[in-house]
Amino acid sequence: MSAAPVEIRLGAEIVSQPYVLDAAAAKAYGEGIESPVRRASRRSIHDDKDAARNAGFVAPIAAGEHTIAVIAQFLADTFGMRFVRGGRLSVALTKPVLFGDILISRARIERIDLDGERAELKIWVENQRGEEVLVGSAAIRMGQA
Amino acid sequence: MSEDKRLPMCPENLHEGTRLGPIHYVVSPEQARAFANAVGAANRDFIRDPKTGEAIVPPTMRLQDYALLIATHLKGGKGGVHAKHWCEFHEPMHIGQAVKTEGTITAAFRKRGKFYFTLEYESRDAVTDRLLVRQAITSVLLNDKGEMR
């Protein structure tokens with residue numbers, strides 16, 4: 001969350017560095033979260049071809065929250081405390097992310113409140129084929145923490 | 001091993017108004033480092049909150065608390081597919097903070113043959129009760145065959 005200086009003006013678009021969401025990234029993500037302890041192992045759409053196929057996917061898919069975490073971190077790195085204290089995020093996961101996909105997070109400032117307190121952003125994540133895998137909105141505070 | 005009295009995770013047991021949790025934890029530096037690395041944080045070390053001087057953690061590090069909340073009340077199932085999510089970040093979590101998280105199922109419905117549910121949950125400082133994060137997940141529940149219907 002090193003909030004590089006970003007000019008907050010209407011129409012400004014911010015683009016992330018590419019993020020490779022492969023099996024290694026998924027494993028690292030799994031080590032950074034706390035999951036329920038299961039009494040029996042469960043094959044899931046995230047690690048088993050048959051489970052993924054049953055659910056309608058061509059191959060195991062990345063966890064949706066992993067993609068959400070990637071764009072949330074991009075916003076936190078870009079806007080710092082303006083996002084993590086008083087910001088918000090609302091997203092829909094529109095397409096599965098397959099392991100090996102390369103994600104680019106994007107944000108565009110769509111509106112700045114008349115009182116100058118908040119800015120509203122359109123946010124989305126694209127894969128290497130230019131397909132949107134996540135779309136939504138976010139808000140940041142204009143003032144410092 | 002004690003008897004597991006939790007209900008099976010299935011549409012019949014997911015009802016609007018059901019409260020889940022609370023769960024309690026202390027925010028650990030090891031988890032924060034691992035998470036920051038995993039999501040490609042620009043600064044992998046802890047950031048100091050300019051207001052309080054405390055080391056704070058990435059904003060969605062505890063997003064997965066929804067799964068812990070579900071596990072307090074329900075067991076088994078084939079999992080789900082994350083469809084939507086929203087978060088309001090009121091105050092950042094900091095290293096060493098004791099946190100309490102609880103939630104409520106706010107919607108459970110069928111749409112185009114799929115069963116959806118929404119779980120709203122919020123995390124508060126366990127000592128001061130100050131609101132940190134409020135969020136909600138909407139998920140498609142997989143049926144007992146692992147299908148999305």
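Predicted model only: the values in this text are computed from it and were never measured.

**As for the overall build of chain B**
- Of the regular secondary structure elements, chain B holds two helices and nine strands.
- When the helices and strands of chain B are read in sequence order from the N terminus, they spell out β-β-α-β-β-α-β-β-β-β-β.
- With respect to the three principal axes, the spread of C-alpha positions in chain B is 50 × 35 × 30 Å.
- Each of the 149 residues in chain B was classed as buried or not, and the buried ones make up 41%.

**Section: the overall build of chain A**
- Looking only at helices and strands, one finds four helices and six strands in chain A.
- Reading the helices (α) and strands (β) of chain A from amino to carboxyl end gives β-β-α-α-α-α-β-β-β-β.
- Along the first, second and third principal axes, the C-alpha set of chain A runs to 55 × 35 × 20 Å.
- Out of the 145 residues belonging to chain A, those deemed buried represent 41%.
- Considering only contacts in chain A between residues 6 or more positions apart, those separated by 24 or more positions represent 62%.

**Describing helix α2 (residues 65–73) of chain B**
- Residues Asp65(B), Tyr66(B), Leu68(B), Leu69(B) and Ile70(B) constitute the buried set of α2(B).
- In the core, the buried residues of α2(B) are packed alongside β2 (19–26), β5 (74–75), β7 (98–111), β8 (114–125) and β9 (131–141) of chain B.

**A word on the interface of chain A and chain B**
- Chain A puts 40 residues into the contact, and the matching count from chain B is 39 residues.
- If you list the elements that add at least two residues to the side of chain A that touches chain B, you get α1 (23–31), α2 (49–54), α3 (64–79), α4 (81–84) and β3 (88–93) of chain A.
- For the side of chain A that touches chain B, the leading source of residues is α3(A), giving nine residues.
- For the side of chain A that touches chain B, the class distribution of residues is 23 nonpolar, 11 polar and six charged.

**Description of the packing of α1(A) against helix α1 (residues 29–38) of chain B**
- At a minimum axis distance of 8 Å, the contact between α1(A) and α1(B) shows a crossing angle of 155 degrees. What the angle tells us is that α1(A) and α1(B) run roughly antiparallel. Between α1(A) and α1(B) the crossing geometry is left-handed. Across from Ala25(A), Ala28(A), Tyr29(A) and Glu31(A) in α1(A), the residues of α1(B) making contact are Ala34(B), Asn37(B) and Ala38(B).

**Concerning the environment of Gly80(B)**
Residue and element names in this part refer to chain B.
- Note that Gly80 resides in strand β6 (residues 80–89).
- Gly80 gets classed as buried once you count the C-beta atoms within 10 Å, which come to 24.
- Note: C-alpha distance between Gly80 and His24 (56 residues apart in sequence) is 24 Å.
- Beyond its immediate stretch of four places on either side in the chain, Gly80 contacts Ser139, Val140, Leu141 and Leu142.

**Regarding the pairing of strand β4 (residues 101–112) of chain A**
All names here are of chain A.
- Inspection of the sheet shows strand β1 (residues 13–15) paired to β4 by three bridges, in the antiparallel sense. Across the sheet, residue Ile14 finds its bridge partner in β4, namely Ala107.
- When strand β2 (residues 19–21) meets β4, the two strands line up antiparallel, connected through three bridges. Bridging from a neighbouring strand, Tyr19 pairs with Leu103 of β4.
- The pairing of β4 with strand β5 (residues 118–126) spans eight bridges and is antiparallel. Across the sheet, residue Ile109 finds its bridge partner in β5, namely Leu121.
- As consecutive antiparallel partners, β4 and β5 are separated by five residues, and within that stretch Gly116 has a phi angle of approximately 70 degrees, a positive value.

Rules behind the numbers
- Residues numbered from 1 in each chain as written.
- Chains lettered and ligands numbered in written order.
- Predicted model: local features only at pLDDT ≥ 70, side-chain atom pairs only at ≥ 80, totals over all residues.
- Helix = DSSP H or I, 4+ residues; strand = E, 2+ residues; numbered from the N terminus.
- Buried ≥ 20, exposed ≤ 12 C-beta atoms within 10 Å, placed from the backbone.
- Contact = placed C-beta atoms within 7 Å.
- Nonpolar A, V, L, I, M, F, W, Y, C, P; charged D, E, K, R; others polar.
- Axes fitted to C-alpha atoms, helices over the stretch in contact; angles between N-to-C directions.
- Parallel < 35°, antiparallel > 145°, perpendicular 65-115°, else oblique.
- Left-handed = near helix turned anticlockwise from the far one by under 90°.
- Pairing = 2+ DSSP bridges.

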